[in-house]
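Structure assessment
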Amino acid sequence: MASMVSKLARAAFATRASPSAVGGLAGGGRRAAAISGSPADALKGPKEYPNPPVDENVLKSKEAMWAFYEHWCKFHGISRDRREMARRFKTFSDNARRVHEFNNSNCRGSLAMNRLSDATKEETNIRHGYRRTKK
């Protein structure tokens, strides 16, 4: 009888809602985040990326691309002086054109401008762990 009671108790504790799920305390005495939303929200799919997509209007002129670049910097919280922005502008505009061409092709998936869209080749190589050795 005692083993039956312990099995039932273990089953009850295993199915009990965790403290974090009901807004209690998580491990370490810190407040746990409450779960919000309904199961219907999960069926709606992923939320749209709030950064505006690269469209034909951005690609029309250098001024439109520069305005998009300034907006992109502000959106990602990147602050650079004009000289640095001018140095990175070509890389950014090339990446924007590449994103637009890919998204309008018949390929699966899509690309977006992320916070690394104006990184130079050297910065990208360093980020990926490539170090050039001197001969």
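Residues numbered from 1 in each chain as written. Predicted model: local features only at pLDDT ≥ 70, side-chain atom pairs only at ≥ 80, totals over all residues. Heavy atoms only, no water.

1. With respect to the overall build of the chain
The condition that has to hold: Secondary structure elements are defined from DSSP: runs of H or I of at least 4 residues count as helices, runs of E of at least 2 residues count as strands, and each element is numbered from the N terminus. Only protein chains enter the area calculation, which uses a 1.4 Å probe; residues under 20% of their type maximum are buried, those over 50% are exposed, and those in between are partly exposed. What makes two residues a contact is simply this: any of their non-hydrogen atoms within 4.5 Å. Accessible surface is estimated by sampling points in the Shrake-Rupley manner with a 1.4 Å probe; for residues, cover comes only from the protein chains shown.
Regarding its fold elements, the chain presents 6 helices and 0 strands. Helices (α) and strands (β) of the chain occur, in sequence order from the N terminus, as α-α-α-α-α-α. Within the chain, buried positions represent 19% of all 135 residues. Here the contacts in the chain between residues at least 6 apart in sequence split such that 47% fall between residues at least 24 apart. About 11200 Å² of surface is accessible on the chain, with carbon and sulfur atoms providing 56% of the total.

2. Regarding the packing of helix α4 (residues 62-76) against helix α5 (residues 82-103)
As a reminder of what qualifies: As a rule, the C-alpha atoms of each element are fitted with a line to give its axis, helices using only the stretch in contact, and angles between N-to-C directions run from 0 to 180 degrees. Roughly parallel covers angles under 35 degrees, roughly antiparallel covers those over 145, roughly perpendicular covers 65 to 115, and oblique covers all other angles. Residue polarity is assigned by list, with Asp, Glu, Lys and Arg as charged and Ala, Val, Leu, Ile, Met, Phe, Trp, Tyr, Cys and Pro as nonpolar; anything else, Gly included, falls into the polar class.
As a packed pair, α4 and α5 sit with axes 10 Å apart at the nearest point and diverge in direction by 105°. For the element pair α4 / α5, the angle class is roughly perpendicular. Residues Lys62, Met65, Trp66, Phe68, Tyr69, Glu70, Trp72 and Cys73 of α4 lie in contact with α5, whose contacting residues are Arg82, Met85, Ala86, Arg88, Phe89, Phe92, Ser93 and Ala96. When the residues that make up the contact of α4 with α5 are grouped by side-chain class, the tally is 11 nonpolar, 1 polar and 4 charged.

3. Focus: the environment of Asn114
How we decide: N or O atoms within 3.5 Å of each other form a polar contact, as long as, within protein, one can give a hydrogen and the other can take it, and as long as residues adjacent in sequence are counted only when both atoms are side-chain atoms.
Structurally, Asn114 is set in the loop between α5 and α6 (121-127). Overall, Asn114 belongs to the partly exposed group, its relative accessible area being 40%. In this structure the C-alpha to C-alpha distance between Asn114 and Trp72, which are 42 residues apart in sequence, comes to 8.8 Å. For Asn114, the side chain forms a polar contact with the main-chain nitrogen of Leu116, separated by 3.0 Å.

4. A few points about the layout of surface pockets
To locate leftover empty space, one rolls a probe as large as a water molecule over the atoms. Just so we agree on the cut-off: The rule is simple: put a 1 Å grid over the protein atoms alone, call a set of points where a 1.4 Å probe fits but cannot get out a cavity, call an open set with protein on both sides within 12 Å along at least five of seven lines a pocket, and count a residue as lining if it has an atom within 4 Å of a point. Grid points are joined across faces, edges and corners, and a volume is the space filled by probe spheres set on the points.
Taken as a whole, the largest pocket spans an internal volume of roughly 490 Å³. Surrounding the largest pocket, 19 residues form its lining, Asn95, Arg98, Leu116, Ser117 and Ala119 being those nearest its centre. If you list the elements that add at least two residues to the lining of the largest pocket, you get α5 and α6. Top contributing element to the lining of the largest pocket by residue count: α5, with 6 residues. Its residues assigned to classes, the lining of the largest pocket shows 6 nonpolar, 8 polar and 5 charged.

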